[in-house]
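Single-letter residue listing:
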Amino acid sequence: MPSMTDYRIIVVGTDDSSLAEPTVARAAWLAKREDADLVIVCAYSALSRRDEAKNVATAGGDVRIDEVLGRAAASEAMSRAVAVASEEGATVAAALLLEGEPAAALIKTAKERGAELLVIGARHDRSLTERLLGTVATEVTKRATCDVLIVRPTAS
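## Focus on the nonpolar core
- Within the largest apolar cluster, 26 residues are counted, with the highest numbers of intra-cluster contacts made by Ile10, Val12, Leu38, Ile40 and Val119.
- At the level of elements, strand 1 (9-13), helix 1 (20-34), strand 2 (37-45), helix 3 (71-87) and strand 5 (117-121) are the ones that each hand at least two residues to this core.
- For this core, the leading source of residues is helix 3, giving seven residues.
- Beyond its immediate stretch of four places on either side in the chain, Val12 contacts Thr23, Val24, Ala27, Leu38, Val39, Ile40, Val41, Leu106 and Val119.
- Counting 19 residues, the second-largest nonpolar core is a separate cluster that includes Val41, Ala105, Leu106 and Ile107.

## So, the packing of helix 1 against helix 3
- At their nearest, the axes of helix 1 and helix 3 sit 8 Å apart, and the two run at 40° to each other. In terms of their interaxial angle, helix 1 and helix 3 are classed as oblique. Every pair of crossing elements has a handedness; the one defined by helix 1 and helix 3 is right-handed. Along the contact surface, helix 1 presents Glu21, Val24, Ala25 and Ala28, while helix 3 presents Ala81, Val84 and Ala85.
- Each residue belonging to the contact of helix 1 with helix 3 can be placed in one class, and the counts come to six nonpolar, no polar and one charged.

## With respect to unusual backbone geometry
- Even without being a glycine, Asp35 presents a positive backbone phi close to 55°.
- Relative to the elements of secondary structure, Asp35 occurs in the loop between helix 1 and strand 2.
- Classification of Asp35 by relative accessible area gives exposed; the value is 70%.

Calculation rules
- Residues numbered from 1 in each chain as written.
- Predicted model: local features only at pLDDT ≥ 70, side-chain atom pairs only at ≥ 80, totals over all residues.
- Heavy atoms only, no water.
- Core = buried A, V, L, I, M, F, W, Y, C linked by side-chain atoms within 4.5 Å.
- Buried < 20%, exposed > 50% of the residue type's maximum accessible area, 1.4 Å probe, protein only.
- Helix = DSSP H or I, 4+ residues; strand = E, 2+ residues; numbered from the N terminus.
- Contact = heavy atoms within 4.5 Å.
- Axes fitted to C-alpha atoms, helices over the stretch in contact; angles between N-to-C directions.
- Parallel < 35°, antiparallel > 145°, perpendicular 65-115°, else oblique.
- Left-handed = near helix turned anticlockwise from the far one by under 90°.
- Nonpolar A, V, L, I, M, F, W, Y, C, P; charged D, E, K, R; others polar.

Following this line, the structure appears as structure tokens:
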């Protein structure tokens, strides 16, 4: 039987979705209990200043899925995530805003930081677009070289 190791570094992804808070809370809870450092990542797509000001996604005009649109939105999502992690008593070692595709940013950060666990949220329902293009959770589980914990929404 292979030996088990403690989680020393846990990477968690956050965004502006309704699943972000429970995902960060779960990762922070684990980090606290494992005495691990928590690294929070929010990947975003850059927008022009004009587009960021009006954020076309709020009008339903942007088809990018699983993405935070603009650095300002990413910064707000990160502030909420750090607050949630702090409430759980976790040690936040880093809060990273990274421009780019979410799955790639999470996997790269986990590798660079030597993380043993990557925590992400995933919805149960998937649209046709998500089925065709894939999701962050699908990409992360395929490509991660460390353990992956997927946090699901609670049943309503």
